[in-house]
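The lines below spell out each chain.
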Amino acid sequence: MTIETLIDKIKSYHPTTDEALIRRAYHAASVAHEGQKRNSGEPYIIHPLHVAYILAELQMDDATICAGLLHDVLEDTEFTKDDMITTFGEEITTLVDGVTKLKQLQSKSKVENQVDNYRKMVMAMANDIRVIIVKLADRLHNLRTLDYKDREKQIEKATETIEIYVPIAHRLGISTIKSELEDLCLKFLDPDAYYEVSRLVNKRIDERKAFIHEIIQELSEELDKLNMKFEISGRPKTLYSIYKKMYQQNKSFDQIFDVSAIRVIVDTVKDCYSVLGVVHTLWKPIPRRFKDYIAMPKANMYQSLHTTLIGPGGETFEVQIRTYEMHQTAEYGIAAHWSYKEGKSKRSSFDEKLTWVRQLMEWQKTTTDSSEYMETLKGDFFSDEVYVFSPQGDVVELARGSTPVDFAYRIHSDVGNHCVGAKVNGRLVPLDHVLENGVIVEILTSKNSAGPSRDWLKFVKTPSTKQKIRQYFKHAKRDENIEMGRDMIVQDLKKDGVPPNEAMTEEALQNVIARMSFSSPNDLFAAVGFGSQTVGSVTSKLKELFEEKREKEAEKNREKESDKAALHVPTQQKGPTAGDDTIRIRGEGVTNLQVKFAQCCTPVPGDKIVGYITMGRGISVHRADCVNILNTQNPERLIEVEWDQTENTKFFSTITIRAANKTGYMASVVELMTKQDVNMSGIQAHTDPEGNTTTIVLTLEIEDANQVQELMRKIRQLQNTISVYRTKS
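All figures in this text were calculated on a predicted structure; none of them were measured in a lab.

S.K.: Run through the sheet that holds strand 11 (residues 441-445), naming residues and quoting values.
M.R.: Strand order in this open sheet of three strands is 10-9-11, and the pairing throughout is antiparallel. Here the strands that pair on one side only, and so sit at the sheet edges, are strand 10 (427-429) and strand 11. When the angles between neighbouring strand axes are averaged without regard to direction, this sheet yields 35°. The pairing of strand 9 (residues 419-424) with strand 10 spans three bridges and is classified as antiparallel.

Given below as structure tokens:
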């Protein structure tokens, strides 16, 4: 990939592009990233070049292409925002700044920092949707090159992509990026399934090509008789879509109807229905497998006719029929409405398609809790959709599994707060009735209603509906919520043996509300009382402050000693199965130290390690990549240590397994541990809310890191394993 390749691509759809501007952006990025390398060993500039090329494939305008070239400059180089405004102007700088992550703050957890970045991204895309298009191009190239990352990072990035970025690409209708992201995520999250599906697809590829050719030839002959312009092509089904049906719907490969598919593109909507008539004349349609997305487009602007038929030899196949304009929108989504030809002047023509972005923007203004934000982001805005009608004929998009109460609150909070009943297709239904595609929903309201019921929280589907119900109780019963929240915190502290009067001091509460962005302790108590803030998120911080306070008091009572004296402790305190001469100071040969192995990262022989000199408690040994070490504010306390294992010593190590929720899987893991003569000192397991996957956490007694790696390799070979990795802080 070179700048010349990129320029040629842009000129293929935009002959009058500002070539000088593109080259200037490339030169600025090259200079800024000079000396930086990617994990592959390539010069870093290769990445922004590929990102810009992906944007050019979407036929984006010059400003967006430049933003693609410069997208990492503010985050990873000395180039400042003021420099960029001076050199490239406000428009390009705003796009780049929208993509740029916020700096990691040590005062916040990884999840809190991640949520802050999502909030910034949502605000930026609400102002200019091109920001998220650049971000999607960036994520696509990162996943294309994810092979060069370690396994844990692969799982982290692929999980984030499938949960956040794939749904955004779907919402924006950019199927070219969405489909490739899905397949790449599958490759890293479930490599065994990825290669198995790929094998099944390739096994019958010649047979399927012959079948598709026969269908295309027969249909072309009939359409020629209608004297219309048309294009017919085979449409490959993505590996991820096949995987979803096989593993999530428990279907065999042969039960998937639309592995073989063709697409017909014509000039007009009238021609679409004419082609449909011909198709249903030639082959027998399968009942309830016809979908008219032309009459009722998807929320992401997708339009097409879909029908599944029984072809020659009883083979099933799908036909999609659409116009050329619909095809452009289906492939490029919102990007097709913001190409170099149109720019901002045409933005109003598709603003109505971005109502979900504005809803996301309004909703996030009232949400402070990080876990609630992520729950709503994934469960409300990025879930599968169901489309229903209002009595006036308006299409309303809801999360699959939604109820009339979800519908009422989607219309307006006042409608939800005064809801007393509902009708579906003219018939009264209970408020917990699950809505299906295409139904007409009417909400019955009363100004004299007592307001929402807390029982509604048990059956409503969307997190945003739950939040609005909680908001009602928050404002209507604030005093009650304050008292309830304070009592909940007190009881949770008592449960763990922490004295509330010592933990809930004015100083501690001020510290917590500052970290959690509340104005006063009462606001915090009220949030806990009505349920928008979990009690655990508050008490964990109070307990942490209480322990720090106790530690400081304990240190004051100890004899004063220098940091060096901490090294001259007579003998190591023996762990449950650890030997004595396990750790020594590198280069000095000093052993018999007072040592403890950090629980946050559980180092074992073979791991790269580092020591941390504690006050009066010897040395705490961590893995070198432990986040607590990487983020330490006392680097002067770090000391080089190394393993000095002279006997068969046992250590604790924790691994996490993610697997399909299948009967017998846990038994196969236990059987493997028994065969390998590995003692399990702890085991925990839980299933995700939808029941699709199980997460198993094993605490093992092992000899060294090589043994852990070998065990993980064997677990990956077990059927239904999705991922395995060592757990660390």
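S.K.: Could you give an account of the packing of aromatic side chains, naming the residues involved and the relevant values?
M.R.: Scanning the entire structure with this criterion turns up five aromatic pairs. Taking the centre distance of 5.4 Å and the plane angle of 90° together, the rings of Trp-283 and Phe-317 count as edge-to-face. Placement of the pair is Trp-283 in the loop between helix 14 (269-282) and strand 3 (284-285) and Phe-317 in strand 6 (residues 316-323), with a sequence separation of 34 residues. The buried category is assigned to Trp-283, whose relative accessible area is 6%.

S.K.: Can you break down the pattern of salt bridges residue by residue, with the values?
M.R.: This model, assessed by the stated rule, comprises 20 salt bridges. Here Arg-144 and Glu-180 are joined by a salt bridge, their closest N and O atoms 2.7 Å apart. Of this pair, Arg-144 sits in helix 8 (residues 130-144) while Glu-180 sits in helix 10 (residues 175-189), and the two are 36 residues apart along the sequence. Close ionic contact of Arg-199 with Glu-196 constitutes a salt bridge, the shortest N to O distance being 2.8 Å. You can see Arg-199 and its partner Glu-196 sitting in helix 11 (residues 191-203), three residues apart, about one turn around the helix. On the basis of relative accessible area, Glu-196 is assigned to the partly exposed category, the value being 29%. Among the charged side chains, a salt-bridge network with shared partners connects Glu-4, Lys-11, Glu-19 and Arg-23.

S.K.: I'd like a description of the pairing of strand 5 (residues 305-310), backed by residues and values.
M.R.: Counting buried positions over the six residues of strand 5 gives five, a clear majority of the element. One ladder, built from two bridges, connects strand 4 (residues 291-292) with strand 5; its direction is antiparallel. Considered in strand 5, the bridge of Asp-292 is made with Leu-305. Linking two consecutive strands that pair antiparallel, namely strand 5 and strand 6, is a turn of five residues; a positive phi of about 70° is found at Gly-313 within it.

S.K.: Could you give an account of the confidence of the model for the protein, naming the residues involved and the relevant values?
M.R.: Of all residues in the protein, 80% attain a pLDDT of 70 or more, and the chain-wide mean is 79. Counting interchain partners and residues more than four positions distant, the pLDDT-below-50 stretch residues 339-352 has 24 contacts. Here residues 559-580 is a poorly scored stretch, pLDDT under 50, and it has 40 contacts once near neighbours within four places are set aside; other chains count.

S.K.: Describe the side chain of Thr-77, naming the residues involved and giving the relevant values.
M.R.: By secondary structure assignment, the location of Thr-77 is in the loop between helix 5 (73-76) and helix 6 (81-99). Of note is the side chain of Thr-77, whose polar atom sits 3.2 Å from the backbone nitrogen of Phe-79. Ignoring anything within four residues of it in the chain, the contact list for Thr-77 reads Ala-32, His-33, Gln-36 and Asp-72.

S.K.: Would you mind going over helix 10 in detail, with residue names and values included?
M.R.: Each α-helix turn comprises 3.6 residues. Residues three or four places apart therefore point the same way. Here helix 10 contains 15 residues, and its C-alpha end-to-end distance of 21 Å stays within 8% of the 21 Å for a straight helix at 1.5 Å per residue. Here helix 10 has its buried residues at Ile-177, Leu-181, Glu-182, Asp-183, Leu-184, Cys-185, Leu-186, Lys-187, Phe-188 and Leu-189.

S.K.: Tell me about helix 27 (residues 665-675), residues and numbers included.
M.R.: The set of residues buried in helix 27 consists of Tyr-665, Val-669, Leu-672 and Met-673. Take helix 27 and look down its axis: the buried residues cluster within an arc of 100°, on one side only. Away from its buried face, by an angle of more than 90 degrees, helix 27 presents the exposed residues Ala-667, Thr-674 and Lys-675. Check the buried side of helix 27 and you find it contacts strand 18 (651-660), strand 19 (679-687), strand 20 (693-702), helix 28 (705-716) and strand 21 (721-726). Positive backbone phi, approximately 55°, marks Asp-677, located one or two places after helix 27.

S.K.: Could you give an account of the sheet that holds strand 21, naming the residues involved and the relevant values?
M.R.: Overall, antiparallel pairing links the four strands, which are arranged 19-20-18-21 in an open sheet. Because the sheet does not close on itself, it has two edges, and the strands there are strand 19 and strand 21. The sheet shows a mean angle of 15° between the axes of neighbouring strands, taken without regard to direction. By the bridge criterion, five bridges tie strand 18 to strand 21 in an arrangement that is antiparallel. Among the inter-strand pairings, Arg-658 is bridged to a residue of strand 21, identified as Ser-723.

S.K.: Quick rundown of the environment of Pro-285? Include the residues and the values.
M.R.: Inspection of the secondary structure puts Pro-285 in strand 3. Taking the C-alpha atoms as reference, Pro-285 lies 7.0 Å from Thr-307; in sequence the two are 22 residues apart.

S.K.: So, the side chain of His-141: which residues are in play, and what are the values?
M.R.: Among the secondary structure elements, His-141 is positioned in helix 8. Look at His-141 and you get buried, because its relative accessible area is 5%. A polar side-chain atom of His-141 sits 2.8 Å from a polar atom in the side chain of His-47. Here His-141 is in contact with Arg-38, His-47, His-50, Val-51 and Ile-54, once residues within four sequence places are set aside.

S.K.: Lay out a nonpolar patch on the surface with the relevant residues and their values.
M.R.: Together, Met-666, Val-670 and Ile-683 line one region of the surface with nonpolar side chains, adding up to about 210 Å² of accessible area. As for its placement among the helices and strands, Val-670 is situated in helix 27. When its relative accessible area of 31% is taken as the criterion, Val-670 is described as partly exposed.

S.K.: Just give me the short version of the nonpolar core, but keep the residues and values in it.
M.R.: Core analysis: the biggest nonpolar cluster contains 75 residues, and Leu-6, Ile-22, Ile-65, Leu-70 and Leu-136 have the highest contact counts within it. In this structure Ile-65 touches Leu-6, Ile-10, Tyr-13, Ile-22, Ala-52, Leu-55, Ala-56 and Met-60, once residues within four positions along its chain are discounted. Counting residues in each nonpolar core, the second largest holds 30 residues, with Val-621, Ile-655, Ala-705 and Val-724 among its members.

About the cut-offs
Residues numbered from 1 in each chain as written. Predicted model: local features only at pLDDT ≥ 70, side-chain atom pairs only at ≥ 80, totals over all residues. Heavy atoms only, no water. Pairing = 2+ DSSP bridges. Helix = DSSP H or I, 4+ residues; strand = E, 2+ residues; numbered from the N terminus. Axes fitted to C-alpha atoms, helices over the stretch in contact; angles between N-to-C directions. Phe/Tyr/Trp six-rings, centres within 6.5 Å; stacked < 30°, edge-to-face > 60°. Buried < 20%, exposed > 50% of the residue type's maximum accessible area, 1.4 Å probe, protein only. Salt bridge = Lys/Arg side-chain N within 4 Å of Asp/Glu carboxyl O. pLDDT = per-residue confidence, 0-100. Contact = heavy atoms within 4.5 Å. Polar contact = N/O pair within 3.5 Å; in protein donor to acceptor, adjacent residues only side chain to side chain. Expected span 1.5 Å × (residues − 1). Arc of directions from axis to C-beta. Patch = residues over 30% accessible without salt bridge, like charges linked within 9 Å, V, L, I, M, F, W, Y side chains within 5 Å. Areas by Shrake-Rupley, 256 points an atom, 1.4 Å probe, with all protein chains shown as cover. Core = buried A, V, L, I, M, F, W, Y, C linked by side-chain atoms within 4.5 Å.

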